[in-house]
Amino acid sequence: MSSFQEVSDPACSWMLVLCIRLLLLLRSGWRMTTGNGNPPMAKKASHLMEMLGDVRVDNYYRLRDDSRSNPELLSYLKQENHYTHSIVSDTKKFEDDLYAEIRGRIKEDDVSAPVRRGAYYYYHRTLEGIAAFEVSPNHKLVAYAEDTKGDEIYTIYVIDAHTGALVDNPLVGVIASLEWVTNGDGAFVYITMDQTLRPHQAWLHKLGEEQSSDTCLYHQKDDTFSLDLQASESKKFLSVASESKNTSFNFYLDVSKPEDGLQVLTPRVDGIDTSVSHRGNHFFIKKRTHEFFNSEVIACTLDNTSETTLLLPHRESVKIQDIQLFNNHIVVYEREKGLPKVNIYGLPDAEEPLKSLQGGHTVEFVDPIYSVEPSGSQFTSSILQLDHSSMKTPHSGYDYDMKTGISVLKKIKTVSYITKLVFCIDF
Ligand SMILES: *[C@@H]1O[C@H](CO)[C@@H](O)[C@H](O)[C@H]1NC(C)=O
Ligand SMILES: *[C@@H]1O[C@H](CO)[C@@H](O)[C@H](O)[C@H]1NC(C)=O
């Protein structure tokens, strides 16, 4: 959602899946204790595994078969499945009904409110398996990352935006993020993973070239870190973040000069966590340390990243979650007393020096308890696009005018829930 991040989808679909699993588990758990027949028992065979001087015993290691072809194991799995079906066979209709009911309440062919980017309006529909989807700076090409197996190892394809024809060699073994560079449509940056599926290398790819001749921009060899790639809202810089459990640091790439490679923006310091964005002559940094655990916001000039200005200090009772930059504004997403707050501050002209943030205002919502997320605003605009929802309000897309403070409802998600009180007498 921030600075260099995209917004993730609402979590309701996985919650539904979790609910249905839980219900089935409860039912089958109850059956197991009263059911008939003997479950198949896997044979135990002790297998010692040693890592970093630690030895552990795995009695079921023999059940591992990465080729999925061992006849003995396949036959055992069939027995397990057979047993499960025999135990839960009388819930089949209930499962189907429940699944149909949940699907029936989801608008599957939903589309988002259109968002303007340059001369075009874009909207999105959910497409199975596709994660990253990036239109080139001149709107002529689309690069997208696709995973058709569900293992989250993606392949990048580039197509012509008008004809849909494939225009480049697919890039394999990548994570679901990529960002275009330069003002033409020549190149983009992507990230690959090592054997343990840790994102570890950032690459620059030129259209028309083989993946094997791409330029490696950075290799994070420390396996406690993984890489992340984001574009600033201004689209002038890319950030490659290297993140561990308690530390994160950033490099930047000037998209008009990709041949310069990555430059250090925030250095690696144990226990310090930074995320970054850009506007005008400055980089903006959200910084969390052991002492300033709720984060502070600082800025530095493009010319000298060690010359910093404090924009928003650390506060004990307010957590700074994220920042989002616009040509004339900075939006600070905070959490206070459990509630998300969206604070807006005007910024001086891009050439002016920055001082601490003053005179901001908070976006107001009618419901006393709510959730709010940013959703795809345009950097050059003064309209902030927000997704708002509460216990009684479905996801609603708002255009909030940061100059006038006026909100306009653009889209409200269709739901067909009925509220009623029911008693469960017996299972
Ligand atoms: C951060 O995590 C590493 C690895 O677990 C640990 O060695 C280090 O002491 C931690 N640093 C801080 C400041 O907590
Ligand atoms: C960058 O800023 C720091 C801190 O103000 C200063 O010590 C350093 O000399 C500056 N570097 C350059 C190249 O101006």
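Structure shown above.
The notes below deal with the structure included here. Quantities reported herein were computed from a predicted structural model and do not represent experimental measurements. (Residues numbered from 1 in each chain as written. Chains lettered and ligands numbered in written order. Predicted model: local features only at pLDDT ≥ 70, side-chain atom pairs only at ≥ 80, totals over all residues.)

In terms of regular secondary structure, the chain is built from three helices and 27 strands. Across the 427 residues in the chain, those meeting the buried criterion constitute 22%. Here the analysis covers contacts within the chain between residues at least 6 apart in sequence; of these, 37% occur between residues at least 24 apart. (Helix = DSSP H or I, 4+ residues; strand = E, 2+ residues; numbered from the N terminus. Buried ≥ 20, exposed ≤ 12 C-beta atoms within 10 Å, placed from the backbone. Contact = placed C-beta atoms within 7 Å.)

One finds Val-189, Leu-238 and Phe-284 to be the most contacted residues of the largest nonpolar core, which totals 55 residues. At six residues, strand 8 (residues 171–181) tops the list of elements feeding residues into this core. Inspection of this core shows a minimum of three residues originating in each of domain 1 (107–269) and domain 2 (272–427). (Core = buried A, V, L, I, M, F, W, Y, C linked by C-beta atoms within 7 Å. Domains from an automatic or database assignment.)

To continue, consider helix 2 (residues 71–88). Taking 1.5 Å per residue as the helical rise, helix 2 with its 18 residues ought to reach 26 Å, and the 26 Å between its terminal C-alpha atoms agrees with that figure. Of all 18 residues making up helix 2, only zero are buried, and the element is barely covered by its neighbours. (Expected span 1.5 Å × (residues − 1).)

What follows covers the site of ligand 1. Around ligand 1, the surrounding shell consists of Lys-245, Asn-246, Asp-270, Gly-271 and His-290. For the shell around ligand 1, a count of residues per class yields no nonpolar, three polar and two charged. (Near = placed C-beta within 6 Å. Nonpolar A, V, L, I, M, F, W, Y, C, P; charged D, E, K, R; others polar.)

Let us look at the sheet that holds strand 23 (residues 361–362). The strand order across the open sheet built from four strands is 20-21-22-23, with neighbouring strands paired in antiparallel fashion. A single partner strand is all that each edge strand has here, and the edge strands are strand 20 (318–325) and strand 23. Taken together, the two bridges between strand 22 (residues 339–346) and strand 23 define a ladder with antiparallel strand orientation. Paired with Asn-343 across the two strands is Thr-362, which belongs to strand 23. (Pairing = 2+ DSSP bridges.)

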